[in-house]
Amino acid sequence: MQYRIGKGIYCGILWGTLLICVTAILAAVWLLFLPHTCNQPQASVDAESESESEATGFLAVLQGETAQLSIAGDWHSTDETIAAVDDTGLVTGIRQGTCQLRSEDACLQVAVRLLETCVGCTYVDGILIVNKSYGLPEDYDPGLQPIAETAFEELSVDAAAEGLDIYIGSSYRSYAYQVEIYNNYSALYGWEQADTFSARLGHSEHQTGLTIDCNTINDEFGETPEAAWLAQHCAEYGFIIRFPEGKENITGYQYEPWHIRYVGKETAKEIQKYNLTLEEYLGVTSEYDTSWQG
Ligand SMILES: [Zn+2]
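Residues numbered from 1 in each chain as written. Predicted model: local features only at pLDDT ≥ 70, side-chain atom pairs only at ≥ 80, totals over all residues.

*Asks:* Where do I start with helix 3 (residues 175-189) in this structure?
*Replies:* Because the α-helix completes a turn every 3.6 residues, residues three or four places apart line up on one side. For helix 3, which comprises 15 residues, the first-to-last C-alpha distance of 21 Å matches the rise-based estimate of 21 Å (1.5 Å per residue) to within 8%. Two residues or fewer after helix 3 comes Gly-190, characterised by a positive phi angle close to 90°. (Helix = DSSP H or I, 4+ residues; strand = E, 2+ residues; numbered from the N terminus. Expected span 1.5 Å × (residues − 1).)

Pasting the structure below:
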């Protein structure tokens, strides 16, 4: 019995020592790698935020739809549950959210958007979209919306402080009034020409009550210091130049330096930063699906 107890104690000491040694070795190894493992998440966070600012482009795609990148290659998605990309550069929007697409020498900021319709209006990630693809119902009649009106007042006051006169030339237009305008242009120039500068019934952004035509609607406005100030500063007040120069094939409209649309400051600044149209920012098109039958 004594012998067995003695052997037990001996074994206990042996195992105990062994355990202490193993623990000490593990602790030493852990200490050796401690700075590395602690720094790793920090380092990757830094890399993430660095590359966020390094993103050289922007791509939006609707959830459940695809978009084609112009360059095929070694793209990969930082979150494949949001957006997936294949070797041909075909991007699929999986679920609403943002991530990045990266290749060896490029980085794209990607937004997968959710398109919803509500009482005949179309919203993409909550932003009301009206263009050639998406219209408004006849009874959508909000007038100039206070949020846009207030933002414009601030813009106008700040411009005046710099000696510039920016005022509302035209803002809200009803469905019925737009019908009149379009029909007149269509009779004068033919519908194909009219479509490049005037909206068909239900397709005028002026009906949203979020759009303002500044000062005078003519091409000379583009040459004024007011137009230059507007282009440079309107995003600070939540507006975008809705139909920019050189993007006519995307918006479906001629360049209109006077036509601004309220989208909110954050959205406007992101659109300005990446030099986008609202269509590109939301991942939608602007095309009528039929020729004019009026
Ligand atoms: Zn306009």
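*Asks:* Could you clarify how one ought to interpret unusual backbone geometry in this entry?
*Replies:* The bulk of non-glycine residues show a negative phi, and the bulk of peptide bonds are trans. You will see that Asp-125, though not glycine, has its phi angle at about 50°, which is positive. Position of Asp-125 relative to the elements: it lies in the loop between strand 9 (121-124) and strand 10 (127-128). For Asp-125, a count of 19 C-beta atoms within 10 Å translates into the label partly exposed. You will see that Asn-215, though not glycine, has its phi angle at about 50°, which is positive. Structurally, Asn-215 is set in the loop between strand 12 (211-214) and helix 5 (225-233). (Buried ≥ 20, exposed ≤ 12 C-beta atoms within 10 Å, placed from the backbone.)

*Asks:* Hey, could you run me through the pairing of strand 13 (residues 239-243) in this one?
*Replies:* For a regular strand, the rule is simple: side chains alternate between the two faces of the sheet. Most of strand 13 sits inside the fold, with five of its five residues counted as buried. Sheet analysis places strand 13 next to strand 14 (residues 256-262), joined by four bridges and oriented antiparallel. From the neighbouring strand, Ile-240 faces strand 14, where its bridge partner is Arg-261. (Pairing = 2+ DSSP bridges.)

*Asks:* Just to check I follow, could you spell out the nonpolar core for this structure?
*Replies:* Of all hydrophobic cores here, the largest spans 45 residues; its most connected members are Ile-129, Cys-234, Phe-239, Ile-240 and Ile-260. With five residues, the single largest contributor to this core is helix 2 (residues 146-161). Look past the residues within four positions of Phe-239 in its chain and what remains in contact with it is Ala-151, Cys-234, Ile-260, Arg-261, Tyr-262 and Ala-268. (Core = buried A, V, L, I, M, F, W, Y, C linked by C-beta atoms within 7 Å. Contact = placed C-beta atoms within 7 Å.)

*Asks:* Any chance you could explain the sheet that holds strand 3 (residues 76-77) here in plain terms?
*Replies:* Within a sheet, each strand pairs with its neighbour through backbone hydrogen bonds, oriented either parallel or antiparallel. Strand order in the open sheet formed by four strands is 1-7-6-3, with mixed pairing between adjacent strands. Sheet topology places strand 1 (57-62) and strand 3 at the edges, where each strand pairs with a single neighbour. In this sheet, strand 7 (residues 106-113) lies alongside strand 1 in parallel orientation, the contact comprising six bridges. In the strand pairing of strand 7, Ala-60 is matched with Ala-111.

*Asks:* Explain the sheet that holds strand 9 to me, please; I cannot follow it from the model alone.
*Replies:* Spatial ordering of the open sheet is given by 8-9-10, a layout of three strands whose pairing is antiparallel. Whereas interior strands pair on both sides, the edge strands pair on one side only; in this sheet they are strand 8 (115-118) and strand 10. Of the strand pairs in this sheet, strand 9 and strand 10 are connected by two bridges, and their pairing is antiparallel. The residue bridging Val-124 from the neighbouring strand is Ile-127, located in strand 10.

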